[in-house]
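The residues making up each chain are set out below.
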Amino acid sequence: MKACLFAGDRLVLAEGSADLPSLEEAKGWEGGRAEWFRVAGGTDSVMAARLSGRWKPAPGVRAMGLRAVLPLLPEPSLSLVLTAAHLARWRRTSRYCGVCGTATGESPRHQAMLCPSCGHLAFPKVSPAVIVQVTRGPEILLGRSRRHPHGSYSVLAGFVDPGESLEDAVRREIEEESGIRVRDIRYFGSQPWPFPDSLMVGFTAAYDGGKLQNRDDELEDVGWFTADALPPVPPPYSIARALIDDFARRSGVDPAEVPTWKVGGRPR
């Protein structure tokens, strides 16, 4: 069986390896400083654990950020890693009951942490967020985040607020971030995104008025771009890139020609 061993939020791998280690190999690296749990995905599964305390990698072993791992690992290993990372973080942040403060344990019936004192169940947190391909004729709306590599852009996104539908979130987020209104909102697809616990829900929408302006302090710029003059955009593993590639393809541009930002590139 393969294993996902995390040092903080970083995945531990052998130098030069392009897949997960075996459970026996990973247990040799962790030195008895981790509690293992099973992660299932379809017909596949792995054992996962998060190292406790300070840890120094052995020779020939490295700890990699998850974003750097995304283009490296094959399926189904990649999906299992992302699920394991989500669950490892949830287990770490759910060790005590949020109602009465008692130490929790695993529920025998649910994927949840159970409080033995008051019976409260803490299920894994999933935070829905919308991500939107907004078009205006031959142009797509993109924004440059301060968290992304300098000069890179992506489609706009934001978390869903309590009490609003996904479509309401699309309208609100786009207007809050860019000052424009949208119409013809259509579902595109979704992707689990454990940074730290999101479910990205993709939509397409059309421009419906308003003056373009940067209204979000997390963005350095927003603008309209044609498919033949796109800036560097996210790598192919993300739903953000799937939305941009869909726009490029419908505009007669081969997605392979769309510039990609460097994974792990330095933000400005």
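Going by the structure above, here's the rest.
Sequence order as written defines the numbering, with residues in each chain counted from 1. Predicted model: local features are reported for residues with pLDDT of at least 70 only, side-chain atom pairs are reported and counted for 80 or more only, and whole-chain, interface and lining totals are derived from all residues. Note that water and hydrogens are dropped before the side-chain values are worked out from all heavy atoms of the structure.

(A) Local environment of helix H4 (residues 166-178). In this text, helices come from DSSP runs of H or I with a minimum length of four residues, and strands from runs of E with a minimum of two, each type numbered from the N-terminal end. A helix is expected to span 1.5 Å for every residue after the first. Between the first and last C-alpha of H4 there are 18 Å, a value that for 13 residues agrees with the 18 Å anticipated at 1.5 Å per step. Within H4 the residues assigned to the buried category are Ala169, Val170, Arg172, Glu173, Ile174, Glu177 and Ser178. The criterion used for residue contact is that any of the two residues' heavy atoms lie within 4.5 Å. Elements in contact with the buried residues of H4: strand E9 (127-136), strand E10 (139-145), strand E11 (156-159), strand E12 (182-193), strand E13 (198-207) and strand E14 (219-226). Positioned one or two residues after H4, Gly179 has a phi angle of 80°, which is positive. When accessible area is computed with a 1.4 Å probe and restricted to protein chains, residues below 20% of their type maximum are described as buried, those above 50% as exposed, and intermediate ones as partly exposed.

(B) Examining helix H3 (residues 77-93) more closely. Across its 17 residues, H3 extends 24 Å between first and last C-alpha, which sits within 8% of the 24 Å expected from 1.5 Å per residue. For H3, the tally of buried residues reaches twelve of 17 residues, placing the bulk of the element in the interior. Regarding H3, the residues found buried are Ser77, Leu78, Leu80, Val81, Leu82, Ala84, Ala85, His86, Leu87, Ala88, Trp90 and Arg91.

(C) The arrangement of the side chain of Thr204 in detail. Here Thr204 is to be found in strand E13. The exposure class of Thr204 is buried, given its relative accessible area of 17%. If near-sequence neighbours (up to four positions away) are discounted, Thr204 is found in contact with Val132, Gln133, Asp184, Ile185, Arg186, Phe188 and Leu243.

(D) Region of the structure containing the pairing of strand E2 (residues 10-14). Of all the five residues making up E2, four are buried; the element is thus mostly covered by neighbouring parts of the structure. Two elements, strand E1 (residues 3-7) and E2, share two bridges in a ladder whose sense is antiparallel. Along E2, the bridge assignment pairs Ala7 with Arg10. Being paired, for any two strands, means DSSP has found at least two bridges between them. Connecting E1 to the next strand, E2, in antiparallel fashion are two residues, including Gly8 with a positive phi near 65°.

(E) Looking closely at unusual backbone geometry. Put simply, Glu75 and Pro76 share a cis peptide bond, and its omega is 5°. In this structure, Pro76 sits in the loop between helix H2 (66-69) and H3. Omega for the bond connecting Phe195 with Pro196 falls within 30 degrees of zero, at 5°, which places this linkage in the cis form. Positive phi, close to 50°, is recorded for Asp184, a residue that is not glycine. On the basis of relative accessibility, which here comes to 43%, the residue Asp184 falls in the partly exposed class.

(F) Layout of the nonpolar core. Only buried residues count toward a nonpolar core, which is a set of Ala, Val, Leu, Ile, Met, Phe, Trp, Tyr and Cys residues joined through side-chain atoms within 4.5 Å. Among the nonpolar cores identified, the biggest contains 44 residues, and Cys4, Phe6, Leu11 and Leu142 are the most heavily contacted of them. It is H3 that provides the largest number of residues to this core, a total of nine residues. The residues touching Cys4, leaving out its near neighbours within four places in the chain, are Leu11, Leu20, Trp36, Val46, Met47, Ala48, Ala49, Leu80, Val81 and Ala84.

(G) Representation of the sheet that holds strand E7 (residues 113-114). On the basis of which strands lie adjacent, the open sheet formed by three strands has the order E6-E7-E8 and antiparallel pairing. Each having just a single partner strand, strand E6 (105-106) and strand E8 (121-122) make up the two edges of the open sheet. The pairing of E6 with E7 spans two bridges and is antiparallel. Across the sheet, Glu106 pairs through a bridge with Met113, a residue of E7.

(H) Quick peek at the sheet that holds strand E3 (residues 37-41). The strand order E3-E4-E1-E2-E5 describes an open sheet built from five strands, whose pairing is mixed. Taken across any chain shown, the strands that pair with only one partner, and hence form the sheet edges, are E3 and strand E5 (61-65). With strand direction ignored, the average angle separating the axes of adjacent strands in the sheet is 40°. In terms of strand pairing, E2 meets E5 through five bridges, oriented antiparallel. The residue of E5 that forms the bridge with Leu11 is Met64. In this description, a line fitted to the C-alpha atoms serves as the axis of each element, helices being fitted only across the stretch in contact, and the angle between N-to-C directions of two axes falls anywhere from 0 to 180 degrees. Where H3 meets the sheet, it contacts E1, E2, E3 and strand E4 (44-50), and its direction lies at approximately 140° from that of E3.

(I) Focus on the state of the cysteines. Two cysteine sulfur atoms make up a disulfide if the distance between them is within 2.5 Å. All chains considered together, the criterion is met by zero disulfides. Left unpaired, Cys97 is separated from the closest cysteine sulfur, that of Cys118, by 3.7 Å. The class for Cys97 is buried, based on a relative accessible area of 6%.

(J) Expanded view of the pattern of salt bridges. When a carboxyl oxygen of Asp or Glu lies within 4 Å of a side-chain nitrogen of Lys or Arg, that pair is called a salt bridge. One pass over the full model with this rule turns up 16 salt bridges. Asp19 is the partner of Lys2 in a salt bridge, and the nearest nitrogen-oxygen pair spans 2.7 Å. With a gap of 17 residues between them, Lys2 in the segment before E1 and Asp19 in the loop between E2 and helix H1 (23-30) connect regions that are remote in the sequence. Owing to a relative accessible area of 34%, Lys2 belongs among the partly exposed residues under this scheme.

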